[in-house]
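# Observations on the three-dimensional arrangement
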Amino acid sequence: MKNEIFERAVHFALEAHRGQLRKDGGLYILHPLEDATIVGTMTNDPEVLAAAVLHDTIEDTDTTYEDLLENFGERVAMLVEHETEDKRPEMSKSDSWKIRKEESLEVLKNSDDINVKILWVGDKLSNIRSLYRGYLELGDAIFNRFNETDPQQQRWYHETVIEYTSDLEGCEAYEEYKKIFHKIFDNFE
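We now turn to the structure provided with this report. (Residues numbered from 1 in each chain as written. Predicted model: local features only at pLDDT ≥ 70, side-chain atom pairs only at ≥ 80, totals over all residues. Heavy atoms only, no water.)

## Quick look at the environment of Val76
Spelled out, the test is: Think of it this way: any DSSP run of H or I at least four residues long counts as a helix, any run of E at least two long counts as a strand, and we number them from the N terminus. Residue contacts are defined here by distance: any two heavy atoms, one from each residue, within 4.5 Å place the two residues in contact.
Note that Val76 resides in helix α6 (residues 74-81). Here Val76 is in contact with Ile5, Glu47, Ala50, Ala51 and Leu54, once residues within four sequence places are set aside.

What follows is the structure in structure tokens.
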């Protein structure tokens, strides 16, 4: 019975992200599905897997915390909330980038919940894989796709995530994240 929460989360995420595309033009839903696949290498907890596939619904769709609470319960909603940025619609995305990243990193830093860290590594590994594919194709020009175009700032962000999720050291997903980080960002020391 508990495993069905993940299946419901997949259906919910499919509907919530319907028609959305990523910056590289790919279907948006592939990112949360990849995230859940990565998270599945670190845990088999159905609620954590559900949170992985739902992790961008509050931030990037019309879904609210209350929607997740009602449909998936307090734990899933809380896990998703721990990875949700305040988008600050009154500011441009480039102007709010550093503020949003600092706030979200503070949440990560202050979390004692290993599942929050697992979710972050799943999301960021999926993101950095995509970044690396683009980097191989476009070189430094890949950073022009982002709200923050300075590779040094992108380096700071990923390096801080790696530091704050170091409890997962030795975990295959964490080690892959670090490896890809170095392939991209050692050029920007």
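Right, picking up where we left off after that structure.
## Details of the layout of surface pockets
What counts is decided by this rule: For cavity detection a 1 Å grid was placed over the protein atoms alone, and a set of points counts as a cavity when a 1.4 Å probe fits there but cannot get out; an open set counts as a pocket when protein lies on both sides within 12 Å along at least five of seven lines, with lining residues being those that have an atom within 4 Å of a point. Grid points are joined across faces, edges and corners, and a volume is the space filled by probe spheres set on the points. Here the nonpolar group is Ala, Val, Leu, Ile, Met, Phe, Trp, Tyr, Cys and Pro; Asp, Glu, Lys and Arg are the charged ones; every other residue, Gly included, is treated as polar.
Put simply, the largest pocket is a space of about 950 Å³. Looking at the largest pocket, it is lined by 36 residues, and the ones nearest its centre are Arg22, Lys23, Lys101, Asn127 and Phe146. In terms of residue count, helix α8 (residues 114-138) provides more of the lining of the largest pocket than any other element does, 10 residues in total. A class-by-class count of the residues in the lining of the largest pocket yields nine nonpolar, 10 polar and 17 charged.

## Description of the side chain of Lys101
Operational definition: Two N or O atoms count as a polar contact when they lie within 3.5 Å, although within protein this holds only if one can serve as hydrogen donor and the other as acceptor, and sequence-adjacent residues are included solely when both atoms are side-chain atoms.
Position of Lys101 relative to the elements: it lies in helix α7 (residues 93-109). A polar contact of 2.7 Å, which involves the side chain of Lys101, links it to the side chain of Glu85. The contacts of Lys101, once residues within four sequence positions are left out, are Glu85, Trp156 and Tyr157.

## Describing the side chain of Ser130
Put simply, the rule is: Only protein chains enter the accessibility calculation, which uses a 1.4 Å probe; a residue is then buried when its area is under 20% of its type maximum, exposed when over 50%, and partly exposed in between.
When you line up the elements, Ser130 lands in helix α8. With a relative accessible area of 18%, Ser130 lands in the buried category.

## Considering the pattern of salt bridges
Formally: Here, a salt bridge means any Lys or Arg side-chain nitrogen found within 4 Å of an Asp or Glu carboxyl oxygen.
Scanning all chains against the criterion turns up 19 salt bridges. For Arg129, the salt bridge is made with Glu34, and the minimal N-O distance between the two is 2.8 Å. Here the residue Arg129 occupies a position in helix α8, and Glu34 occupies one in helix α2 (residues 30-39), the gap between them amounting to 95 residues. Note on Glu34: relative accessible area 21%, which makes it partly exposed. Residues Asp123 and Lys124 are paired through a salt bridge, measuring 2.8 Å at the closest nitrogen-oxygen approach. Exposure class is identical for Asp123 and Lys124. Each is buried. Through salt bridges with shared partners, a single network forms among Glu34, Arg129 and Glu176.

## Quick look at a nonpolar patch on the surface
Spelled out, the test is: Patches draw on residues past 30% relative accessible area with no salt bridge. Two like charges within 9 Å are joined, as are two nonpolar side chains (Val, Leu, Ile, Met, Phe, Trp, Tyr) within 5 Å. The accessible surface values rely on the Shrake-Rupley method and a 1.4 Å probe; as for residues, cover is taken only from the protein chains in view.
On the surface, a nonpolar cluster with roughly 320 Å² of combined accessible area is contributed by Leu21, Leu27 and Leu30. Mapped onto the secondary structure, Leu21 falls in the loop between α1 (4-16) and α2. The exposure class assigned to Leu21 is exposed, which follows from its relative accessible area of 55%.

## Thoughts on the packing of α8 against helix α9 (residues 151-164)
Basically, it comes down to this: Axis definition: a line fitted to C-alpha atoms, over the contacting stretch in the case of helices. Angles run 0 to 180 degrees between N-to-C directions. The hand of a helix crossing depends on one turn: near helix anticlockwise from the far one by less than a right angle means left-handed, and clockwise means right-handed.
Put simply, α8 and α9 touch, their axes get as near as 10 Å, and they point 150 degrees apart. Every pair of crossing elements has a handedness; the one defined by α8 and α9 is left-handed. Side by side, α8 and α9 meet where Lys117, Trp120, Lys124 and Ile128 of the first sit next to Tyr157, His158, Val161 and Tyr164 of the second. Looking at the contact of α8 with α9, its residues break down into five nonpolar, one polar and two charged.

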